[in-house]
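# Observations on the three-dimensional arrangement
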Amino acid sequence: MKKTFLTVFGFSAIAFTLMFTSSCTSNPDSSGYEYMPDMYRSPAIEAYVDYAEIRGKEVTALKSLLSAKTPPRNTIPFYGTDSTEVKLMMPNLRKANVSFKETHGLFGIDLSLLDEYALAINDKNAIPLTAKNSEFILKNGKELFTAMCQHCHGEKGDGNGPMVTSGAYAGVPNYANLTALSDGQIFYSIYYGKGMMGAHNSLLNKKEIWTLVHYVRQFQDANYGKFDENGMAVLTAANSDTTGLKP
Amino acid sequence: MKISNIQMLNGLRKLVSTVLMICLSLLNFNALSQGEALFKSKCATCHQTHKNGTGPKLYQVRDKWASGGAKEGSIYQWVNNWQTAAASDPYAAEVSKWSPTAMSAFPDLKKEEIDAILDWVDAQPDPAAASATAGAGGATDGSAGVMSEESEEDSVAWIWIVMGVIFIVIIMAVGGVRRQLSIATSEDPTSQEKLTYTEEFRAWAWKNKIYVGITTLVLVISLIVGFFQTLATVGVVEGYQPSQPIAFPHDAHAGINGIDCKYCHNSVTKSKSAGIPTVNVCMNCHKQINGEGKPFAGEIQKIYKAAGWDPSGAGKYTGKVSPIVWNKVHVLPDHVYFNHSQHVVVGGIDCKQCHGDMTTMKEAVKVQPIEELNKIEGNIKLTKPTLTMGWCIECHGVKEVAIGNGKNAYYDEIHRRLKKDKALYRKYLQDGKITVNELGGWECAKCHY
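Residues numbered from 1 in each chain as written. Chains lettered and ligands numbered in written order. Predicted model: local features only at pLDDT ≥ 70, side-chain atom pairs only at ≥ 80, totals over all residues.

## Regarding the overall build of chain A
Definition in use: Under the scheme used here, helices are H or I runs from DSSP no shorter than 4 residues and strands are E runs no shorter than 2 residues, and both carry numbers assigned from the N terminus. Any residue surrounded by 20 or more other C-beta atoms within 10 Å of its C-beta is treated as buried, while 12 or fewer makes it exposed and the intermediate range makes it partly exposed; C-beta atoms here are placed from the backbone. In this description, a residue-residue contact is defined by the distance between C-beta atoms placed from the backbone, which must lie within 7 Å.
Assigned secondary structure in chain A consists of 10 helices and 4 strands. For chain A, the α and β elements follow one another from N to C terminus as α-α-β-β-α-β-α-β-α-α-α-α-α-α. Out of the 247 residues belonging to chain A, those deemed buried represent 28%. Across chain A, every contact between residues at least 6 apart in sequence was considered, and the portion connecting residues at least 24 apart equals 47%.

## A word on the overall build of chain B
In terms of regular secondary structure, chain B is built from 22 helices and 2 strands. Burial analysis of chain B (449 residues in total) assigns 20% to the buried set. Long-range contacts, defined here as pairs at least 24 residues apart, represent 58% of the contacts in chain B between residues at least 6 apart.

## Details of the nonpolar core
Note the following rule: Only buried residues count toward a nonpolar core: Ala, Val, Leu, Ile, Met, Phe, Trp, Tyr and Cys, linked into one set through C-beta atoms within 7 Å.
Ranked by size, the top nonpolar core spans 43 residues in total, and within it A:Phe187, A:Leu212, A:Val213, B:Val279, B:Ile303 and B:Ala307 carry the most contacts. Where this core is concerned, the elements lending two or more residues are α6 (134–148), α9 (183–192) and α10 (206–220) of chain A together with α13 (261–264), α14 (279–286) and α15 (297–307) of chain B. Looking at this core, the element that brings in the most residues is α10(A), giving 6 residues. Non-local contacts of B:Val279, meaning those with residues more than four positions away in its chain, are made with B:Ile303, B:Ala306, B:Ala307 and B:Ile324. Among the nonpolar cores identified, the runner-up in size contains 17 residues, and B:Leu58, B:Ala85, B:Ala116 and B:Trp120 belong to it.

## As for the environment of B:Ile259
With respect to the helices and strands, B:Ile259 occurs in the loop between α12 (250–256) and α13. A count of 23 C-beta atoms within 10 Å places B:Ile259 in the buried class. In sequence terms B:Ile259 and B:Val212 are 47 residues apart; their C-alpha atoms lie 65 Å from each other. The contacts of B:Ile259, once residues within four sequence positions are left out, are A:His151, B:His253, B:Ala254 and B:Cys264.

## Topic: the interface of chain B and chain A
Facing the 70 residues of chain B at the interface are 60 residues of chain A. At the level of secondary structure, the elements contributing two or more residues to the side of chain B that touches chain A comprise α8 (142–185), α11 (209–233), α13, α14 and β2 (316–317) of chain B. Per element, the largest residue contribution to the side of chain B that touches chain A is 13 residues, and it comes from α8(B).

## So, the confidence of the model for chain B
Residue and element names in this part refer to chain B. Short version of the rule: Within a predicted model, pLDDT stands for the predictor's per-residue confidence, ranging from 0 to 100.
A residue-level look at chain B finds 85% of positions with pLDDT of 70 or above and a mean pLDDT of 83. In the model, residues 134–150 has pLDDT below 50 throughout and makes 18 contacts with residues more than four positions away in sequence or in other chains. Prediction confidence for the complex, expressed as pTM and ipTM, is 0.76 and 0.83 respectively.

## As for α6(A)
Here is the rule: Working rule for helices: expected span equals 1.5 Å times residues minus one. The directions from the helix axis to the C-beta atoms form the arc being described.
The end-to-end C-alpha distance of α6(A) is 20 Å, a good match for the 21 Å that 15 residues give at a rise of 1.5 Å each. By the burial criterion, the buried members of α6(A) are A:Ile137, A:Gly141, A:Leu144, A:Phe145 and A:Met148. Buried residues in α6(A), looked at end-on, bunch into an arc of 100°, giving them a common side. The outward face of α6(A), more than 90 degrees from its buried face, is lined by the exposed residues A:Glu135, A:Phe136 and A:Lys139. In the core, the buried residues of α6(A) are packed alongside α7 (150–153) and α10 of chain A together with α13 of chain B.

## What to know about the packing of α6(A) against α10(A)
Residues and elements named next belong to chain A. Here is the rule: Here, axes are lines fitted to C-alpha atoms. For helices the fit covers the stretch in contact, and angles between N-to-C directions go from 0 to 180 degrees. Convention used here: angles under 35 degrees read as roughly parallel, angles over 145 as roughly antiparallel, angles from 65 to 115 as roughly perpendicular, and any remaining angle as oblique. When residues are grouped by polarity, Ala, Val, Leu, Ile, Met, Phe, Trp, Tyr, Cys and Pro land in nonpolar, Asp, Glu, Lys and Arg in charged, and all others, Gly among them, in polar.
Where α6 contacts α10, the axes come no closer than 8 Å and their chain directions differ by 95°. Viewed along their axes, α6 and α10 adopt a mutual orientation that is roughly perpendicular. The residues of α10 that touch α6, namely those facing Ile 137, Leu 138, Asn 140, Gly 141, Lys 142, Leu 144 and Phe 145, are Glu 208, Thr 211, Leu 212, His 214, Tyr 215 and Gln 218. Taken together, the residues of the contact of α6 with α10 break down into 6 nonpolar, 5 polar and 2 charged.

## Some remarks on the confidence of the model for chain A
Any region with low pLDDT has predicted coordinates that should not be read closely. Taken as a whole, chain A shows an average pLDDT of 81; of its residues, 83% reach a score of 70 or greater. Segment residues 239–247 of chain A is flagged for pLDDT under 50; beyond a separation of four residues in sequence, or across chains, it makes 17 contacts in the model.

## A look at the environment of A:Pro72
All names here are of chain A. For Pro 72, the position within the fold is in the loop between β2 (57–58) and α3 (83–89). Residue Pro 72 is classed as exposed on the basis of its 7 C-beta neighbours within 10 Å. Sequence separation between Pro 72 and Lys 124 is 52 residues, and the spatial gap between their C-alpha atoms is 29 Å.

## Remarks on the packing of α9(A) against α10(A)
Geometry of a packed helix pair, given as the angle between the helix axes and the separation of the axes. Residues and elements named next belong to chain A. Rule in force here: In this scheme the handedness of a crossing depends on how the near helix is turned from the far one: anticlockwise by less than a right angle means left-handed, clockwise means right-handed.
Across the interface, α9 lies against α10 with an axial gap of 9 Å and an inter-helix angle of 125°. What the angle tells us is that α9 and α10 run oblique. You can see that α9 and α10 cross each other, and the crossing is right-handed. Touching Asp 183, Ile 186, Phe 187, Ile 190 and Tyr 191 of α9 are Ile 209, Trp 210, Leu 212, Val 213 and Val 216, all from α10. For the contact of α9 with α10, a count of residues per class yields 9 nonpolar, no polar and 1 charged.

## Quick word on unusual backbone geometry
Residues and elements named next belong to chain B. Here the phi dihedral of Gln 60 falls at roughly 50°; this positive angle occurs in a residue that is not glycine. Turning to its location among the elements, Gln 60 is positioned in the loop between α1 (2–43) and α2 (61–68). Looking at Gln 60, the number of C-beta atoms within 10 Å reads 15, which means it is partly exposed.

So this is what it looks like as structure tokens:
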């Protein structure tokens, strides 16, 4: 008799525990319990936080409809108080052509009826390369190029990045064939996009783009950015004039 | 004799014709390879053979022009300068409206060269047809996998509940039968009958007090342990894997296609937040990569809908955007301050130290458990669960800070002062490195304020 009772008691204990634990199924979209929600959720505006649910209350009017946002129109980031730096970061004076609305999705910005890409042929690099800053700029350029460009344009700028060699993407030009482009046009293409390439002004600021313009010039001229001991640029005989390089 | 002559003549003819054939095919081969080289250097930036891009696909474009009613030779004129062709041929004028992007002029290309290019293009097989037959069998859908796993977990929970109910019914039934039996078989029916269930239970418990005592003790201890274990999981988000609006495979992007993490999460070096890419970043590649004929084409359609991209024809942005709501995975409580740029730029921490190896992550992003993170080569090995305070503190205790290398003014200043206070510097350097906690990385106010 005793045995029966023990088994019965044991069974009921097991059953109870099982029910207790199984009732804790969680919502996969919830990150779990919080000790004090008012310390976990910011009442001040933070990125990627859905403000429809604060302190257990759901406010549908505040529900997040968008998680990744581009900066509001006509706003510029704070770039410090150094006037040359701020001047460099001022909005781009060259505007994209109206056709960029359809081809590159540039809605909500001022567009131009002119072919400003052609006009950009005379634009000079806003950061002049000197014997002093050359090494620093090209090192920064390499970092930027590795992160932002290399997957398509390739480590050597030949248009054979991993995106192209994997067969996912096609039609990336070789920088070595594009020597006719001016600094301004390269800048314009990165800023607003060209052909298949999208506008990269949401990813790179103007200083970074001008740095990249310097960096990609190296693929066209191995001597680009090299200076001799007198601080004079080392010129390559064949295309010394096309690089537009002046110390 | 005559017959043999004729035979010889025939043989000679055959020989000559084969030699001619070989010569012709060699010429043809040369023309094809010349076409390929020209296509790659002049056309490939905008045109593909079988897919519309910035420019329309070029496969059998000559037949298309001819059947479309274009004037003889106007296609060559078009390549040399599309504007003169559009002015003289109404079909070319129609073609010029295909896309607002104007084609570059190639005045140097001769008619034979253009033919060589187009011959080469027409000789190319359609890659979409080949991949469609190959890809039909091996469909991998990330979202489907997550879904089935979820429902499986749900059904398991139901089994437990049903089993629990069955157990309780059995226990009550057995208990009732036993009671009836004991009443029926009892020699003294009067004494038993008057006992209520509670009294009977008490009597039974008293009789078996050792067993009841031990069982109660075990139950109480296990309940207390369970309670504290449950408390310890509050705020621990290891393995958290929320659903996402698009089944995004990190392995295809960061792994196979070698895209740097910083391309899409580009604010990681500048801001507190690493950033979720806006849809225009997706479109930088997906304007071309539409996944046609692949099992994931539907997922890319979601990007097109979000970006307002109409892929038909040359494709164009319509301006009708519908934003994507991604679910945040790595959630830190608001009372913790964490800054990505400080860790990535100043600290030089690789993404994989905290987020795991995304180049092999096929499914939706999740908070990687610490065991997974420790498997990755080059990671600092830690023991506490990912994204808990213990985990942060542990890493701050062992991670070396590169000070005095001129990269960071704050650390340079610390280095300058440490050089003055040699005793302290030596004390810090006892383990051979300056760790984060030695520079105040364990101060409460570093992260909580």
